[in-house]
Amino acid sequence: MCSNRRASASNIVCRYGGDEFVILLPDTHVQGAEVFARSACDEVLNAGFNDNGKPLDVSISCGVTELVTGDTLESAIGRADEAMYQAKKMDGMKVSVVS
């Protein structure tokens, strides 16, 4: 979940799989991307999702990486995917950064 208040015009959000999304932050360093991911987690966890008034247990796991010289699309997404799977194993704030 990414509110319009948070996303800038240069950010790109796309669905990558069934329940996976990729958010490209071209004007953001990895530290800023981690802050963005943590904030997105907070928004999702505090959004109050419900099913006809019954609270839903919702989780979010974010993997963060940055492009490095020599990266291909596959290598960068592979690192982000690795970070996301590390985050899924965490308790609490599920954000993992892999360089």
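**Some words on the pairing of strand 1 (residues 12-15)**
In step 1: Here strand 1 pairs with strand 2 (residues 21-24) via 4 bridges, running antiparallel. Note on strand 2: the bridge partner recorded for C14 is V22.
In step 2: Here strand 1 folds back onto strand 2 in antiparallel fashion, the turn holding 5 residues.

**Details of helix 2 (residues 73-88)**
In step 1: Between the first and last C-alpha of helix 2 there are 22 Å, a value that for 16 residues agrees with the 22 Å anticipated at 1.5 Å per step.
In step 2: Taken residue by residue, helix 2 has A76, R79, A83, M84 and A87 as its buried positions. The buried side chains of helix 2 occupy one side of the element, clustering within an arc of 140 degrees when seen end-on.
In step 3: Against strand 5 (62-64) and strand 6 (95-97) lie the buried residues of helix 2.

Reading guide: rules and limits
- Residues numbered from 1 in each chain as written.
- Predicted model: local features only at pLDDT ≥ 70, side-chain atom pairs only at ≥ 80, totals over all residues.
- Heavy atoms only, no water.
- Pairing = 2+ DSSP bridges.
- Helix = DSSP H or I, 4+ residues; strand = E, 2+ residues; numbered from the N terminus.
- Expected span 1.5 Å × (residues − 1).
- Buried < 20%, exposed > 50% of the residue type's maximum accessible area, 1.4 Å probe, protein only.
- Arc of directions from axis to C-beta.
- Contact = heavy atoms within 4.5 Å.

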